[in-house]
Amino acid sequence: AAGVIQSPRHLIKEKRETATLKCYPIPRHDTVYWYQQGPGQDPQFLISFYEKMQSDKGSIPDRFSAQQFSDYHSELNMSSLELGDSALYFCASSLRGLAGDKAHEQYFGPGTRLTVT
Amino acid sequence: AQTVTQSQPEMSVQEAETVTLSCTYDTSENNYYLFWYKQPPSRQMILVIRQEAYKQQNATENRFSVNFQKAAKSFSLKISDSQLGDTAMYFCAFMKPWGGGGTSYGKLTFGQGTILTVHP
């Protein structure tokens, strides 16, 4: 079965540079979530989109922005990168329009490992 | 705000034996979902099992089962017949289901994780 695709898988940037992370949800999934996992930590929710509209916002810095496009893929844009932004960034997707409990299951992509030097 | 606590930083078990990972949570919500995710060394997050708070019956997926105690706000994961491939970090997660309005619906709140090592 098709899974969530994230690109790039690895990214190395310098301080103050910008980065764009891309997420392609499972086909037909209408909801995308972004999480940040620092070294040795649990994933922290950043932001989510449902049907191309922002659904919820977590601890996302103002330097970050994100959107979901008409084909449901999503991009996380990160500017003025700091050393502390080095982390594994996950995208997850779900099918909110599905009836029943499985609609609440989130499936994660492999993550993008961002290193800021 | 919801909090999720996993009090066992590390656990180990012999192959073919049974192990239980603990998780407690705090919420004032009555309707919610609980999940266990597995993160092997590849760092991929893999959904293991889901429990609906409105269901009294404990969820089961093959060798994985949960003990859900709603009043005690406890949600433990039991792995039977442990296999070497079960070696991973396990995260317990809480979610308020969307549809109720307001904010913070649909996002996962994770515990700190438990590193499980299965020994041959």
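Okay, so let's go over this structure. (Residues numbered from 1 in each chain as written. Chains lettered and ligands numbered in written order. Predicted model: local features only at pLDDT ≥ 70, side-chain atom pairs only at ≥ 80, totals over all residues. Heavy atoms only, no water.)

Our next topic: the overall build of chain A. Check the secondary structure of chain A and you find zero helices and eleven strands. Relative to the compact-globule value of 13 Å for 117 residues, chain A shows a C-alpha radius of gyration of 14 Å, a close match. For chain A, the spread of C-alpha atoms along the three principal axes comes to 45 × 25 × 20 Å. Taking the intrachain contacts of chain A between residues at least 6 apart in sequence as the baseline, contacts between residues at least 24 apart amount to 55%. Here chain A displays about 5,500 Å² of accessible surface, and carbon together with sulfur accounts for 50% of that area. Seen as two clouds, the 12 positive and the 13 negative side-chain charges of chain A have centres 4 Å apart. (Helix = DSSP H or I, 4+ residues; strand = E, 2+ residues; numbered from the N terminus. Rg over C-alpha atoms; globule rule 2.2 N^0.38 Å. Contact = heavy atoms within 4.5 Å. Areas by Shrake-Rupley, 256 points an atom, 1.4 Å probe, with all protein chains shown as cover. Lys, Arg positive; Asp, Glu negative; His and termini not counted. Charge placed at Lys NZ, Arg CZ, Asp CG, Glu CD.)

Further remarks concern the interface of chain A and chain B. The partner chain B presents 25 residues to the 22 residues of chain A that form the contact. Counting across the interface, chain A meets chain B through one salt bridge. A salt bridge links A:Glu105 to B:Arg50; the nearest nitrogen and oxygen atoms lie 2.4 Å apart. For the pair chain A and chain B, the interface holds nine residue pairs in polar contact (both at pLDDT 80 or more). Where the side of chain A that touches chain B is concerned, the elements lending two or more residues are strand 4 (31–37), strand 9 (87–94) and strand 10 (107–108) of chain A. At three residues, the largest contribution of residues to the side of chain A that touches chain B is made by strand 4 of chain A. (Salt bridge = Lys/Arg side-chain N within 4 Å of Asp/Glu carboxyl O. Polar contact = N/O pair within 3.5 Å; in protein donor to acceptor, adjacent residues only side chain to side chain.)

Once that is clear, we can look at the nonpolar core. Of all hydrophobic cores here, the largest spans 25 residues; its most connected members are B:Tyr25, B:Trp36, B:Phe75, B:Leu77 and B:Tyr90. At the level of secondary structure, the elements contributing two or more residues to this core comprise strand 3 (19–21), strand 5 (33–39), strand 6 (46–52), strand 8 (64–69), strand 9 (74–79), strand 10 (88–95) and strand 12 (114–119) of chain B. Looking at this core element by element, the count peaks at four residues for strand 10 of chain B. In this structure, B:Tyr90 is in contact with B:Gln6, B:Leu21, B:Trp36, B:Tyr37, B:Lys38, B:Val48, B:Phe64, B:Leu77, B:Ile79, B:Gly113, B:Thr114 and B:Leu116, ignoring residues within four places of it in sequence. Counting residues in hydrophobic clusters, the runner-up holds 22 residues, among them A:Leu21, A:Cys23, A:Leu46 and A:Ile47. (Core = buried A, V, L, I, M, F, W, Y, C linked by side-chain atoms within 4.5 Å. Buried < 20%, exposed > 50% of the residue type's maximum accessible area, 1.4 Å probe, protein only.)

We now examine the state of the cysteines. Residues and elements named next belong to chain A. Within the structure shown, the criterion is met by two disulfides over all chains. Here Cys23 is linked by a disulfide to Cys91, with a sulfur-sulfur distance of 1.8 Å. Around the S-S axis, the bridge from Cys23 to Cys91 shows a dihedral of about -50° and counts as left-handed. One end of the pair, Cys23, is in strand 3 (residues 19–24); the other, Cys91, is in strand 9, and 68 residues separate them in sequence. Across this residue pair, the class does not change: Cys23 and Cys91 are buried. (Disulfide = S-S within 2.5 Å.)

We now examine the sheet that holds strand 7 (residues 64–68) of chain A. All names here are of chain A. The four strands lie next to each other as 1-3-8-7, forming an open sheet whose pairing is antiparallel. Each end of this open sheet is capped by a strand with a single partner; those strands are strand 1 (5–7) and strand 7. Direction aside, the axes of adjacent strands within the sheet are offset by 15° on average. When strand 7 meets strand 8 (residues 74–78), the two strands line up antiparallel, connected through five bridges. Each residue of the ladder has a partner; that of Gln67, found in strand 8, is Glu75. (Pairing = 2+ DSSP bridges. Axes fitted to C-alpha atoms, helices over the stretch in contact; angles between N-to-C directions.)

Below, the discussion takes up the side chain of B:Ser65. Relative to the helices and strands, B:Ser65 resides in strand 8. Those residues in contact with B:Ser65 that lie beyond four places of it in its chain are B:Ile49, B:Ala59, B:Thr60, B:Ser76, B:Leu77 and B:Lys78.

Take the pattern of salt bridges next. Inspection of the entire model under this criterion finds ten salt bridges over all chains. Between A:Glu51 and A:Lys52 there is a salt bridge, with its nearest N and O atoms 4.0 Å apart. It is possible to trace a salt-bridge network through shared partners that takes in A:Glu105, B:Arg50, B:Glu52 and B:Lys55.

Right, let's talk about the layout of surface pockets for a bit. In this model, the largest pocket occupies a volume close to 300 Å³. In this structure, the largest pocket is lined by 15 residues; those nearest its centre are A:Glu105, B:Val48, B:Ile49, B:Arg50 and B:Glu61. Contributions of two or more residues to the lining of the largest pocket are made by strand 6 and strand 7 (60–61) of chain B. Class assignment for the residues of the lining of the largest pocket results in seven nonpolar, two polar and six charged. (1 Å grid on protein atoms, 1.4 Å probe; cavity = no way out; pocket = protein on both sides within 12 Å on 5 of 7 lines; lining within 4 Å. Points joined across faces, edges and corners; volume = space filled by probe spheres on them. Nonpolar A, V, L, I, M, F, W, Y, C, P; charged D, E, K, R; others polar.)

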